[in-house]
Amino acid sequence: MATGAPPRARRTAVLLALAASALGGPAGLQRGVGLQRGVGLHALAGCSSAELIARLPPRPSGAVITYSRKVFIPLTRLCRDRCSYCTFAQHEGLPTAAGSRAYLSVDEVLAIARAGAAAGCVEALFTLGDRPETRWPAAHEELRKLGYTSTVEYLAACCRAVLEQTELLPHANCGVLSEQELAILREVSASQGLMLESTSERLLEPGGPHHRSVDKVPARRLATLEAAGRLKIPFTTGLLIGIGETREERLDALSAIAECAERYGHIQEVIIQPFRAKCGTGMEQASEPASEELLWTVAAAKLLLGDLGVAVQCPPNLLLLGKSGEGSLTVGQTEAMAAAAGKIAFRAEVCALLAAGVDDWGGVSPGVTPDHVNPERAWPSIESLRAATESAGHRLCARLPSHPRYAADPIVAAPGRAPFLWHADKVAAAVLRESDGEGLARAEGGGRWFSGNSESDPIYLIDESEWLPGGARYELGQAWRTSSVVSASVRAVLVAAVEERRALSEEEVVTLFTARSADASAVCSAANELRILLTGSAVSFVVCRNINYTNKCVYACTFCAFSKGEHGMRGPAYSWGEVDVEAAATDAWARGATEVCMQGGIHPDYISEAKTGEAGDGGVYARFLKAAKRGAANIHVHAFSPLEVATGAAAAGVSVREFVRTLKSAGLGSLPGTAAEVLDDEVRAVLCPDKLSAREWEEVVEAAHAEGLATTSTIMHGSVEGPLAAARHLVRLRALQERTGGISEFVPLPFVHEASPIYARGRARRGPTLREAVLMHAAARLVLSDTVPNIQTSWCKMGPAGARLALRAGANDLGGTLMSESISRAAGASYGQEMPAHEMAEVVAQLDAQQGPDPADRRTLWQRTTLYARAPDERVAVAAAAVGG
């Protein structure tokens, strides 16, 4: 297509090519190519909605349908335009009543936003008229007194106040804007929007709905869409249908949007909004579009925009059923009968729109603010919208103002990727704060859960907990083989993991990680089933002491709050000597421990000593091992991360395997599989850019296995990685284990954000959600299967209640009692330094009570050694006596 062609000619060519592709099916022509014979604009416009819907690609069951929990902030209702259908704008100017103002104050804006935050909202939707100060002297004067020269400037100040003083994310609908004005708002908003409405210039003629509305000139509105694309602003636009335009004109508008979306990739959604007549307007007697027109336009939008990733939205309060499910009384009906009939009709209309291609229901205020543009049309309750969406076989999930692909990257959140690619840095930090790993909202209005935080809300208050083990709706997906609400895609992966017992692909693992609602229940249930098969009903733990001999480190991992810089940055640094290590081992043995776990930072002195000392003597690491053995000759020493081993070997000038052999002779019993973070080098470039690559980490672990030493394995999840990177991690671990067989357990470590430097800099999420944390355990069980039979849950990060959920979702081990735990606490975890044996027993006792009587799965606690042998009776007795058990 010639780039120099006039805009309308280009749009027409795009539209016709799209029409050919849509109507031609698989044999149709692709975008930008010429027309098939006899296919054109009129052919597409002449189709029925059913014909268009029949050509849509099938939507799989269990698809995510989104909405945004929002508050509506009408910053000003003055406008320089006079649209014939609008009651939002005060066309006669300010009311004459004393005290009338043109704009909400910043305090009023914040009051609305805070009320929304209290109701679990994530979006502050600013809607206002176009440039009222150019028409209304009162608006100009009020802005002057406030210290602003324009409405846009004042809007930016209000967005900044919401962004900085609440947890809501602003979305700005400010009308036609210049590129400079869009850029100003981009600094303080997560997304922006402008309804194209129509590209028909007929509507501007006298008697038309856009007469005397200078900002409704299509070229001006399209210019704003183009400018937003150049600035990489997640942008919402749409059509207002039924105001006098033809189907051909709607198609022209959709093609204009498609062309812009294809060029810049910034159009996140297209709203198909049906006109609703309002009393007191020039169009109060106009006919409203029939259901067929709404369905046809939704299907056309999906056909023309779906392959560009543009979501199709339809506001649920504007459906033909005016009160969104409440119904109205007819002769002989009771109120209950009318309500029931209304619900049935509402669900039927919702299902029809979903079949036509709706992906998103837009913003819904949970009883906080009305729809000020359509005040006569109340929003449905979120629960009624959820029930209607689920009746069509799909999941309703809350999103942010920025749609998921603008809020999250499937591999890693980093500069040049979402969310940073599409947002100013400060806004991107807020988007990360409020998002889960897929870029959807962390919560849907219920409680908040954060890993490591003992002040998190109780599990039963967390929205997504209803689908997790023991939750109110868990049973709906528990029988995953036969449940009608479990999606076919999830069921197929579970069959492969549980019945076929084959290795899963990265794509299949992503399916497990992204399971929601009944699918999440199914994944947990299948993982629990496999746990019973592989490890039985017993829950194991080990009595151990952590020895973190130094927090001084030459590396600068962006997530680490434990290590301190060479010059004591981020708090005081410390270092232990051999005497301290020996005393700690002695104390641990006296308290019933079978293991000490020794890890620390990479102290610069350790490196310099290794370089000048005897090659092959193991340096300070060998001396620490010998010190621990002097303190307790029979204690198992589980020590040194792969990073410590690799650094020590390099400094000593010997191979990794030779260094491991030296440490083994000094008393090393096994290695912790820490420093793995996420085994994807794109993620590691963000979290630990100067540390081992994924392959180098594997090489150290394989060297240990070759020398007869077992290792554990870990993942730190919930910081910057996306589902695909986490899936690669698990697939990589399984392949490693199939080569060596030396991994004793897998330990998911949820990211603790509170004191983490990368979170403080606005570059990470607030750890995984509760669902994501539990699913990591379940997915690990299903992926690693019998190659790594032991899945441990970290009580100091999951908390006792979260650990119980993990133990019902595939985990079989509670880990160590962790005398003197310090790394999680340094990151902000608050579950304590130690969980002694009797408290472990309490966790398991409550677990057994919660899951109900099941003779085939009675959960009992047993004390193990590091390598999963039963701890000697003498050790068990000493551990129990040490805490008065």
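The structure displayed is predicted, hence computed values, not measured ones. (Residues numbered from 1 in each chain as written. Predicted model: local features only at pLDDT ≥ 70, side-chain atom pairs only at ≥ 80, totals over all residues. Heavy atoms only, no water.)

Peer 1: Would you mind going over the nonpolar core in detail, with residue names and values included?
Peer 2: Membership of the largest hydrophobic core comes to 142 residues, with the highest contact counts inside it found for Met598, Phe640 and Leu782. Ranked by the residues each element gives to this core, the list is headed by helix α28 (residues 770-784), at eleven residues. Membership of the second largest hydrophobic core comes to 104 residues, among which are Leu155, Ala190, Leu222 and Val358. (Core = buried A, V, L, I, M, F, W, Y, C linked by side-chain atoms within 4.5 Å. Buried < 20%, exposed > 50% of the residue type's maximum accessible area, 1.4 Å probe, protein only. Helix = DSSP H or I, 4+ residues; strand = E, 2+ residues; numbered from the N terminus.)

Peer 1: So what's going on with the sheet that holds strand β10 (residues 539-542)? Which residues, and what values?
Peer 2: The three strands are arranged β17-β10-β18 in an open sheet whose pairing can be described as parallel. On the outer flanks of this sheet lie β17 (813-816) and β18 (861-863), each paired with one strand and no other. Direction aside, the axes of adjacent strands within the sheet are offset by 20° on average. Bridge count for β10 against β17 is two bridges, and the pairing is parallel. (Pairing = 2+ DSSP bridges. Axes fitted to C-alpha atoms, helices over the stretch in contact; angles between N-to-C directions.)

Peer 1: Explain the pattern of salt bridges to me, and be specific about the residues and the numbers.
Peer 2: Under the criterion given, the structure shown has 65 salt bridges. In this structure, Glu707 engages Arg657 in a salt bridge whose closest nitrogen and oxygen atoms are separated by 2.6 Å. With Glu707 in the loop between α25 (694-706) and β15 (710-717) and Arg657 in helix α23 (residues 656-665), this pair connects stretches of sequence that are 50 residues apart. Since its relative accessible area comes to 12%, Glu707 is described here as buried. Three or more residues are tied together by salt bridges with common partners; here these are Asp409, Arg417, Glu506, Asp680, Glu682 and Arg728. (Salt bridge = Lys/Arg side-chain N within 4 Å of Asp/Glu carboxyl O.)

Peer 1: Would you mind going over the packing of aromatic side chains in detail, with residue names and values included?
Peer 2: Tallied over the entire structure, the rule returns ten aromatic pairs. Pairing Tyr606 with Tyr621 gives two aromatic rings, centres 5.8 Å apart and planes at 75°, and the pair type is edge-to-face. In this pair, Tyr606 sits in helix α20 (residues 604-612) while Tyr621 sits in helix α21 (residues 619-631), placing the two residues 15 residues apart along the sequence. With relative accessibility at 10%, the residue Tyr606 sits in the buried group. In this structure Tyr621 comes out as buried when scored by relative accessible area, which is 5%. An aromatic cluster is present here, built from Tyr549, Tyr606, Tyr621, Phe624, Phe640 and Phe659 joined pairwise through their rings. A cation over a ring is seen here: Arg875 above Trp589, with NZ or CZ 3.6 Å from the ring centre. (Phe/Tyr/Trp six-rings, centres within 6.5 Å; stacked < 30°, edge-to-face > 60°. Lys NZ or Arg CZ within 6 Å of the ring centre and 35° of its normal.)

Peer 1: Got a sec to walk through the packing of helix α16 (residues 488-499) against helix α18 (residues 518-535)? Specific residues and values, please.
Peer 2: Following both chains from N to C, one finds α16 and α18 inclined at 5°, their axes separated by 10 Å at the closest point. It follows that α16 is roughly parallel to α18 by the angle criterion. Mapping the contact onto sequence places Val490, Leu494, Ala497 and Val498 in α16 and Asp519, Ala522, Val523, Ala526, Glu529 and Leu530 in α18. Partitioned by chemical class, the residues of the contact of α16 with α18 number eight nonpolar, no polar and two charged. (Parallel < 35°, antiparallel > 145°, perpendicular 65-115°, else oblique. Contact = heavy atoms within 4.5 Å. Nonpolar A, V, L, I, M, F, W, Y, C, P; charged D, E, K, R; others polar.)

Peer 1: Residues and numbers for the pairing of β15, please.
Peer 2: Across the eight residues that make up β15, a large majority, eight, are buried. Of the two faces of β15, the one holding Ala710, Thr712, Thr714 and Met716 and the one holding Thr711, Ser713, Ile715 and His717 are both buried throughout. Two elements, strand β14 (residues 670-671) and β15, share two bridges in a ladder whose sense is parallel. The residue bridging Leu671 from the neighbouring strand is Thr711, located in β15. Summarising the sheet, β15 and strand β16 (residues 743-750) pair through six bridges and their orientation is parallel. Along β16, the bridge assignment pairs Met716 with Leu749. Handedness of the crossover is the feature at issue here: the chain leaves β15, passes through helix α26 (residues 723-740), returns alongside β16, and the resulting connection is right-handed. (Right-handed = clockwise from strand over helix to strand, strands pointing away.)

Interpretation in functional terms is not warranted from these geometric data alone.
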